[in-house]
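# Observations on the model geometry
Here is how the chains run, residue by residue.
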Amino acid sequence: MQTIHIILLIVVYFGVLILISYLTGKEDSNEAFFKANKSAPWYLVAFGMIGASLSGVTFISVPGAVEAKQFGYLQVVFGYFFGYLIIAYVLLPIYYKLNLTSIYTYLRDRFGNTSYKTGSIAFLISRIVGASFRLFLVAKVLQLLIFDALGVPFSITVIITVALIWLYTFKGGIKTIIYTDALQTFFMLVAVIITITFLANALDLNSFSEVYINVTESAMSKVFFLDTINDSQYFIKSFLAGMFIAITMTGLDQDMMQKNLTCKNLKEAQKNMVSFSVVLIFVNILFLVLGLLLTQYATQNGINATKDDLFPTIAMLPEIGIITSAFFLLGLIAAAYSSADSALTSLTTSFCIDIIELDKKPKEQQKKVRKKVHVLISLVLILVIILFNSLFKDVSVIWELFKAAGYTYGPLLGLFAFGILTKSQIKDKYVWIIAVIAPVVSFIINQYSVVLLNGYQIGFEILIINGLITFLGLVLIRRQQN
């Protein structure tokens, strides 16, 4: 694709998003911005959450990892499913019963103000790092494909990238995002299906049954890893990690839960969560099939690209055709923006509700304050992305930093688990100390796990360890019952 084609594609794409923003953002109220007036159709929320739960990282990395890790990622996805069931039938009833706007208000009611602030700050740090990383990847792609040739500095690319999100979310907030996420999920899935169709034809697989046989007979389609517990892909480890990742990074995450809280009632929110969890399994299978076909196509055509370079390299080849290349770009941008735009809105919500306690301010000031916070969060994201580019030239280093953000979810897991599973009260003023110590101890255990645990390599289950240390720390600061 030529530069002018890419620019036109992006202009049309964001033109559609801005049109949706105009149609959905006519009611410029805090209730619409934070909760969509609790009137969002559950099926639309469920469909949009598919794109929001994935990202530009997933769009590129899951297919690229098939050659090295086969279909082992499905073990994690199966864990997601059971984690989402816990969210639907344990966490959502609590959130709806308390009529929460920010889910971290639960911690204030259960333990006290320090626990409340600790949980919300943990979320803010996690989401700022995560959203900035996703947007960094999109800005890098746009810089490479468009702005380098035009002589535009990377900092300007970043400002444009974040400004576009601000432009279509500043009025409607979560109400707009319900609809834009659904559209972006559609583009992402169409991109995957079109690419799979092209690759199947190029590999002389002329029917669904031939594609199915090709996938099932390939050594790369191995799903279950049961040989040794020291394997980072060992089934039990992957399954439990997936379950707890879903519970924490969806069920204890304001970004993902804010969408669920826009449904009319608990029953519809539960239908949304259960249907989403089923569909997500099949979407991830699509990504893995795509990765297998990409690897076979690269091998057949002598293309020297692996991992994260595999999908972009093949998608932008001239022989792929302008339509497939166009949908690849649309899919990548949609995957990244569908997670980043909701992050901007949820960060604004959490900061307004949890940090500055907007509801306590005079009513006539609340909307003005919310808009200022929305701009402030946008500026913070711009600065963090530019900082990433200045400090880390190797994207893999930033990927490690992004994974490290998962450590901040451990204290959230421990806090919510202690609150739900016990009736004990705690010495609230000491909670922040536990929340700092637990990730540090978890990091040390992770670094020395091979030595300390006789060759055992800790993977994503560090989240469980982190939450358990937090839980035990809260046991130590329990208030004695009279």
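Worth saying up front: this structure is predicted, and the values here are computed from it rather than measured.

### Points about the overall build of the chain
- Scanning the chain for helices and strands turns up 22 helices and 0 strands.
- For 482 residues, the compact-globule formula gives about 23 Å, and the C-alpha radius of gyration of the chain, at 22 Å, lands near that figure.
- Its C-alpha atoms put the chain at 75 × 60 × 45 Å along the principal axes.
- Considering the chain as a whole, with its 482 residues, one finds that 56% of them fall into the buried category.
- When contacts within the chain are restricted to residue pairs at least 6 apart in sequence, those whose partners lie at least 24 apart make up 84%.

### As for helix α14 (residues 266-300)
- For α14, spanning 35 residues, the distance from its first C-alpha to its last is 51 Å, which sits close to the expected 51 Å at 1.5 Å a residue.
- Where α14 begins, the capping side chain belongs to Asn265, and its oxygen is found 3.2 Å from the backbone nitrogen of Lys267.

### Some remarks on the layout of surface pockets
- Looking at the second largest pocket, its volume works out to about 400 Å³.
- If you go around the second largest pocket, you meet 16 residues; those closest to its centre are Phe208, Val211, Val215, Leu286 and Val289.
- Within the residue set of the lining of the second largest pocket, elements represented by two or more residues are α10 (174-202), α11 (208-217) and α14.
- The dominant element in the lining of the second largest pocket, judged by the number of residues it contributes, is α11, at 5 residues.

### Let's talk about the nonpolar core
- Of all hydrophobic cores here, the largest spans 145 residues; its most connected members are Phe59, Tyr95, Met273 and Ile314.
- Excluding residues within four positions of it along the chain, Ile314 makes contact with Leu199, Leu294, Tyr297, Ala298, Ile303 and Ile320.

### Remarks on the pattern of salt bridges
- Enumeration over the complete set of coordinates arrives at 5 salt bridges.
- Here Arg108 and Asp109 are joined by a salt bridge, their closest N and O atoms 3.6 Å apart.
- Here Arg108 falls in the partly exposed class, since its relative accessible area comes to 32%.
- Residue Arg127 is joined to Asp253 by a salt bridge in which the shortest nitrogen-to-oxygen separation is 3.2 Å. Of this pair, Arg127 sits in helix α8 (residues 113-150) while Asp253 is found in the loop between α12 (235-251) and α13 (254-260), placing the two residues 126 residues apart along the sequence.
- The class of Asp253 is buried, set by a relative accessible area of 0%.
- A single salt-bridge network, built from bridges that share partners, covers Lys117, Glu357 and Lys360.

### So, the packing of helix α20 (residues 431-447) against helix α22 (residues 462-476)
- With their axes 9 Å apart at the nearest point, α20 and α22 run at an angle of 140 degrees to one another. It follows from the interaxial angle that α20 and α22 lie oblique. Handedness of the α20/α22 crossing: right-handed. Residue-level inspection shows Val431, Ile434, Ala438, Pro439, Val441, Ser442, Ile445 and Asn446 of α20 in contact with α22, the latter providing Ile462, Ile465, Asn466, Ile469, Thr470, Gly473 and Leu474.

### A few points about the side chain of Asp428
- In this fold, Asp428 is placed in the loop between α19 (409-421) and α20.
- Despite its burial, Asp428 pairs with no opposite charge; the closest candidate is Arg479, at 7.3 Å N-O.
- A distance of 3.3 Å separates a polar side-chain atom of Asp428 from the backbone nitrogen of Asn113.
- Contact partners of Asp428, with chain neighbours within four places excluded, come to Phe111, Gly112, Asn113, Thr114, Ser115 and Arg479.

### Considerations on the packing of aromatic side chains
- By the definition in use, this model includes 21 aromatic pairs.
- An angle of 55 degrees between the planes, with centres 4.9 Å apart, marks the rings of Tyr84 and Phe276 as tilted. Of this pair, Tyr84 sits in helix α6 (residues 73-97) while Phe276 is found in helix α14, placing the two residues 192 residues apart along the sequence. Taken individually, Tyr84 and Phe276 each receive the classification buried, so the pair is uniform in this respect.

### Examining unusual backbone geometry
- In the Ramachandran plot, Gln70 falls in the positive-phi region, its phi being about 55 degrees despite a non-glycine side chain.
- Structurally, the position occupied by Gln70 is in the loop between α5 (66-69) and α6.
- According to the relative accessible area criterion, Gln70 is buried, its value standing at 18%.
- Phi is positive for Glu357, close to 50 degrees, though the residue is something other than glycine.
- Along the chain, the position of Glu357 falls in the loop between α16 (322-355) and α17 (363-391).
- A residue is classified by how much of its surface remains accessible, and Glu357, at 14% relative accessible area, is buried.

### Some remarks on α19
- Under the 1.5 Å per step criterion, the end-to-end length of α19 is 18 Å for 13 residues, consistent within 8% with the ideal 18 Å.
- Most of α19 sits inside the fold, with 10 of its 13 residues counted as buried.
- Regarding α19, the residues found buried are Tyr409, Gly410, Pro411, Leu412, Leu413, Gly414, Leu415, Phe416, Phe418 and Gly419.
- Next to the buried residues of α19 lie α6, α7 (105-110), α8, α12, α20 and α22.

### So, the side chain of Ser115
- Mapping Ser115 onto the fold places it in helix α8.
- Its relative accessible area of 0% is what places Ser115 among the buried residues.
- In this structure, Ser115 is in contact with Leu107, Leu415, Ile426, Asp428 and Val431, ignoring residues within four places of it in sequence.

What counts and how
- Residues numbered from 1 in each chain as written.
- Predicted model: local features only at pLDDT ≥ 70, side-chain atom pairs only at ≥ 80, totals over all residues.
- Heavy atoms only, no water.
- Helix = DSSP H or I, 4+ residues; strand = E, 2+ residues; numbered from the N terminus.
- Rg over C-alpha atoms; globule rule 2.2 N^0.38 Å.
- Buried < 20%, exposed > 50% of the residue type's maximum accessible area, 1.4 Å probe, protein only.
- Contact = heavy atoms within 4.5 Å.
- Expected span 1.5 Å × (residues − 1).
- Polar contact = N/O pair within 3.5 Å; in protein donor to acceptor, adjacent residues only side chain to side chain.
- 1 Å grid on protein atoms, 1.4 Å probe; cavity = no way out; pocket = protein on both sides within 12 Å on 5 of 7 lines; lining within 4 Å.
- Points joined across faces, edges and corners; volume = space filled by probe spheres on them.
- Core = buried A, V, L, I, M, F, W, Y, C linked by side-chain atoms within 4.5 Å.
- Salt bridge = Lys/Arg side-chain N within 4 Å of Asp/Glu carboxyl O.
- Axes fitted to C-alpha atoms, helices over the stretch in contact; angles between N-to-C directions.
- Parallel < 35°, antiparallel > 145°, perpendicular 65-115°, else oblique.
- Left-handed = near helix turned anticlockwise from the far one by under 90°.
- Lys, Arg positive; Asp, Glu negative; His and termini not counted.
- Phe/Tyr/Trp six-rings, centres within 6.5 Å; stacked < 30°, edge-to-face > 60°.

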